[in-house]
Amino acid sequence: MKKADFILIGAVLAVVCALLLILYLPKNNVGAYVKIEIDGRQVQTLPLDENTSYDISTALGKNTLVIEDGYAFMSEADCPDGICVKHRKINKNGESIICLPHKVVVSVVSAENSEVDL
């Protein structure tokens, strides 16, 4: 290999590293609200900056959503699998927790995408 080959390989590696940093650096896309939907209908929107607990009751069962320190998570659910309770905490736009047996979807939205009057 010649000196020019090493320079070309180094330049390509530098460009690839720069692109990877741009793509994977943490972005500040923390949401402002959680939107709660039951069977496709929005029933509630709650701010992520206020610690609270919200009981979600449907004809199919009950879930408890907790908002704490800017994160939302399901603390309880009486569904048979409990996958929503095992889901990690969410706080970024587009993240969601879904309870299929109860047809409940909790999604994080930004202030622009929420239907709350500010």
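Above this text you will find the structure in question.
A brief report on the enclosed structure follows.

Conventions adopted
Residues numbered from 1 in each chain as written. Predicted model: local features only at pLDDT ≥ 70, side-chain atom pairs only at ≥ 80, totals over all residues. Heavy atoms only, no water. Core = buried A, V, L, I, M, F, W, Y, C linked by side-chain atoms within 4.5 Å. Buried < 20%, exposed > 50% of the residue type's maximum accessible area, 1.4 Å probe, protein only. Helix = DSSP H or I, 4+ residues; strand = E, 2+ residues; numbered from the N terminus. Contact = heavy atoms within 4.5 Å. Pairing = 2+ DSSP bridges. Polar contact = N/O pair within 3.5 Å; in protein donor to acceptor, adjacent residues only side chain to side chain. Axes fitted to C-alpha atoms, helices over the stretch in contact; angles between N-to-C directions.

## So, the nonpolar core
Soluble globular proteins tend to bury their nonpolar side chains together. Grouped together as the largest cluster of nonpolar side chains are 18 residues, with contacts concentrated most on Val 34, Ile 56, Leu 65, Ala 72, Met 74, Val 104 and Val 106. When contributions to this core are tallied by element, the ones reaching two or more residues are β1 (33-38), β4 (61-68), β5 (71-77), β6 (96-99) and β7 (104-109). Other than its neighbours up to four places away in sequence, Met 74 contacts Ile 56, Asn 63, Thr 64, Leu 65, Cys 84, Val 85, Ile 97, Val 104 and Val 106.

## Quick notes on the pairing of β7
The buried fraction of β7 amounts to five of the six residues, a majority that puts the element mostly inside the structure. Here six bridges tie β1 to β7, and the two strands are oriented antiparallel to one another. For Glu 37, the partnering residue across the bridge sits in β7 and is Val 105. As defined by bridge partners, β6 adjoins β7 across four bridges and the pair is classed as antiparallel. Bridge pairing in β7 links Ile 98 to Val 105. A loop of four residues connects β6 with β7, the two strands running antiparallel in sequence, and Lys 103 in this loop sits at a positive phi of about 60°.

## Digging into the environment of Asn 63
Structurally, the position occupied by Asn 63 is in strand β4. Of the residues examined, Asn 63 reaches a relative accessible area of 0% and is grouped as buried. Beyond its immediate sequence surroundings of up to four residues, Asn 63 is in contact with Tyr 54, Asp 55, Ile 56, Met 74, Glu 76, Ala 77, Cys 84, Cys 99, His 102 and Val 104. At a separation of 2.5 Å, a polar atom in the side chain of Asn 63 contacts the side chain of His 102.

## Concerning the sheet that holds β4
Taken in spatial order, the three strands make up an open sheet running β3-β4-β5, and their pairing is antiparallel. Two strands close off the open sheet at either side, each with one partner strand: β3 (52-58) and β5. Adjacent strand axes in the sheet meet at a mean angle of 25°, parallel and antiparallel pairs treated alike.

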